[in-house]
Each structure stands twice: as C-alpha cells, then as structure tokens.
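Structural characterization, general
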Amino acid sequence: MIYSWHNELWQQLTAMRSRMSHAMLLQGRTGIGKLDFAKALAGALLCDRPLADGHACGSCDSCNWYAQGNHPDLRILEPEESASNGGDEEAAEAKSVKKSQVISVDQVRDLAEFLSLSSHRAGLRIVLLHPAEALNAASANALLKMLEEPPPDVLFVLVTHNPQRLLPTVRSRCNKIDMPFPERKLAEEWLVGQGVKQAAERLSYVGGAPLLALKVEEGAEKRLADLHKELHRGGRMDPFASAALCLKEGITYTVEALQKWTHDLLSTRLTGEIRYHAQQAASLQELAKGVDLPKLLDFQRLLNEARRSSQHPLNAELQVESLMIQYTQLFPTPTKP
C-alpha cells in the first residue's frame, strides 16, 4: 500500500516504469512508509495487468505469487532472524529468535544465481533491500559489484533511513529519491482516520512521523506522562523513583525520552520553540529558566553516547539511575514542584 502523501511520487515513478534506472535508493525519515511504498512499487512493476493508476491489479498470476510471498522474480534482502540459546538442554529446546543487525555478505552473494537467471515472466527481476544501512563493509562491496555491472532487466530498490551510512560508491550507483514527509495537517487527519486519539500530541512526540505515532502502544502515553511529571520537578526530582518508571520500558526508551525532553528544554531556553512537548509549553518554559546551559549541553552529549550503546548496556538499572541523577544536577537551584 502507499499513503496519500506519496501519491505524487507514485504517479511520477509508475509513469516512467519502462525507463527506470537499474537501481533506486528510497531515502527519508523513519515512520513515513518507505518500505510499504517500495513493496507496492515492486508488486506493480511485476504485475501482468497494472491498473490505470499504476497499481497492481491484485488478481493476475504474478499478483497471486506476490501476495503469497513466493514470486520467482522478486528477492527481498533484510537482516536475517537467527536462533540463539544459552547452551544448555532446556534452553536448546526453547530457542529464542532474534533479528540480526546486518545484511550479511552471504545474503548478497546468494543473489548471484537469481541474477544469472532469466525472468520467469519475461519482464523485470527485482531485488528489494531494506534497510540498506544494515549492509556491512563486506556485503556493501559485494552489492557494489552487482550495481556496477547490472544484469539486463534487473531493478535494485534500496530503502534507507540513514543514507549517510551507505558507501558513497553504492549511493552514486543509485537514482536517489527523497521520500516525501507528510504535512502536519495531512498526518493528523490520517491518524484520526486510523482511530488514534490525541493524534496531535502523539504526532508531536514522534517528530511528525505518522507511522511511528500509530505504533505507540496502548497505555504508553500514561506511562510517559508519569515520567514527564517527574522530569518537571527538575532538581527536586527523585532520580530513583524516576528510574523505576523507566526500567520496564528499557534503556532505549529512557534515553529517547530524555533526549526529546532536553531538546525542548534547550530549544525553549534559546528560541522559545518546542518540538516534542507542545502541550507542556508553560511548564517547560518555567523549568528552562533555571537550567544550567553548559551542563545541559554536556548531558545531551552523554545521552547521544548512551543511545549508541543502548543495545548492549552493561547494567541497565545502574545506567538509568545514573542518567536520572545527572538530570537533577542540571538545576543548581531546585525548582518548585
């Protein structure tokens, strides 16, 4: 499926379906539907009888294969799921499955046989790769060789949130397409249509990305409101009570919440603008008056480091408590509750 904010781009691309380059890079913010767009485009290009608006017909043999996930002219590359266990018999019987963080060189090399074959439908063969930033150095170089000497009638579609993490040589071999970010009103209307309550507040907190706002779990807003109530206390906040509110959510959640909060603290102090917590503008403005700016900037750098290592914290509880203690130290003079 595609979303309304992608309609214009869809029309442009499907109108030139016979003149597409051998590789395209769909790049843009997280949560705007890039992967859904890429899948819809692949289905439409493989369809035997595309509709007048460029979409797949949904009923031909090609569309049926695509819907079942076994189209012979399509390959999707993404980080693999791998089984892991603790090494004992009990754990071996109940293996956990986790997602790898990379697209391996073996996955890319396995494309060689697919690319050497002719199309089953006398049309395109498509390789859809997501997220492209999951390529490591070896797999990116293996892909580069294929992009430099592409077989005929093959289309590579790469989808990425972080194009700067791709090899420059990979980016240079692709037609770069900036995926549209929806206007605020359009995103709010779409969320309301999905049955989301407090759509404006949700959209603000996730930075305007509607699919991220849609994914906010039931009850998450209440838990976040409890944390914000503590953060409003500034230097009077109980760091251990605040840490306890966050531990069940995890270190990544905590760091992201603190990053957004301190961003608005700094922005309020310097420019008067608020990005993520518009409904709490008055409280943030009051809190920002007493914040120590040099310490706040240092704290933001610390949060950036914590975000990079959040997947492998040595001790999540100690790390969260440490962050909360340092937050209280941003306010030399405790603010009133």
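Everything that follows concerns the structure shown earlier in this document.
Residues numbered from 1 in each chain as written. Predicted model: local features only at pLDDT ≥ 70, side-chain atom pairs only at ≥ 80, totals over all residues. Heavy atoms only, no water.

1. Regarding the pattern of salt bridges
This structure, assessed with the given rule, holds five salt bridges. One salt bridge in this structure joins Lys-289 and Glu-286, with 3.3 Å as the shortest N-O distance. Like Lys-289, the residue Glu-286 is exposed in the burial classification. (Salt bridge = Lys/Arg side-chain N within 4 Å of Asp/Glu carboxyl O. Buried < 20%, exposed > 50% of the residue type's maximum accessible area, 1.4 Å probe, protein only.)

2. A word on a negative patch on the surface
Among the surface-exposed residues, Glu-80, Asp-106, Asp-110 and Glu-113 lie close enough to one another that they form a single negatively charged patch. Secondary-structure assignment places Glu-80 in the loop between β2 (74–77) and β3 (81–84). Glu-80 sits in the partly exposed class, given a relative accessible area of 45%. (Patch = residues over 30% accessible without salt bridge, like charges linked within 9 Å, V, L, I, M, F, W, Y side chains within 5 Å. Areas by Shrake-Rupley, 256 points an atom, 1.4 Å probe, with all protein chains shown as cover. Lys, Arg positive; Asp, Glu negative; His and termini not counted. Charge placed at Lys NZ, Arg CZ, Asp CG, Glu CD. Helix = DSSP H or I, 4+ residues; strand = E, 2+ residues; numbered from the N terminus.)

3. Some points on the nonpolar core
Formed by 35 residues in total, the largest nonpolar core has its most connected members in Met-24, Leu-26, Phe-37, Leu-41, Ile-126 and Val-157. Elements with a contribution of two residues or more to this core: α1 (7–15), β1 (23–27), α2 (34–46), β5 (125–129), β6 (154–160), α9 (184–193), α10 (199–205) and α11 (210–214). Ranked by residue count, the leading element in this core is α2, at eight residues. When near neighbours in sequence (up to four residues on either side) are disregarded, Ile-126 contacts Ala-42, Leu-45, Leu-46, Asp-73, Leu-74, Arg-75, Phe-114, Leu-155 and Val-157. Listed in part, the 29 residues of the second largest apolar core include Leu-227, Trp-261, Ala-288 and Leu-330. (Core = buried A, V, L, I, M, F, W, Y, C linked by side-chain atoms within 4.5 Å. Contact = heavy atoms within 4.5 Å.)

4. Some remarks on the sheet that holds β2
Spatial ordering of the open sheet is given by β2-β5-β6-β1-β7, a layout of five strands whose pairing is parallel. Looking at which strands have only one partner, the edges of the open sheet turn out to be β2 and β7 (175–178). Here the strands of the sheet are splayed against their neighbours by 15° on average, with no regard to which way each runs. In this sheet, β7 lies alongside β1 in parallel orientation, the contact comprising four bridges. Within the sheet, the bridge partner assigned to Gln-27 lies in β7 and is Asp-178. (Pairing = 2+ DSSP bridges. Axes fitted to C-alpha atoms, helices over the stretch in contact; angles between N-to-C directions.)

5. With respect to the layout of surface pockets
Considered as a void within the structure, the second largest pocket measures approximately 200 Å³ in volume. What lines the second largest pocket is simply Arg-17, Ser-18, Arg-19, Met-20, Ser-21, His-22, Leu-45, Leu-124, Pro-151, Asp-153, Val-154 and Leu-155. Among the residues forming the lining of the second largest pocket, the class breakdown is six nonpolar, three polar and three charged. (1 Å grid on protein atoms, 1.4 Å probe; cavity = no way out; pocket = protein on both sides within 12 Å on 5 of 7 lines; lining within 4 Å. Points joined across faces, edges and corners; volume = space filled by probe spheres on them. Nonpolar A, V, L, I, M, F, W, Y, C, P; charged D, E, K, R; others polar.)

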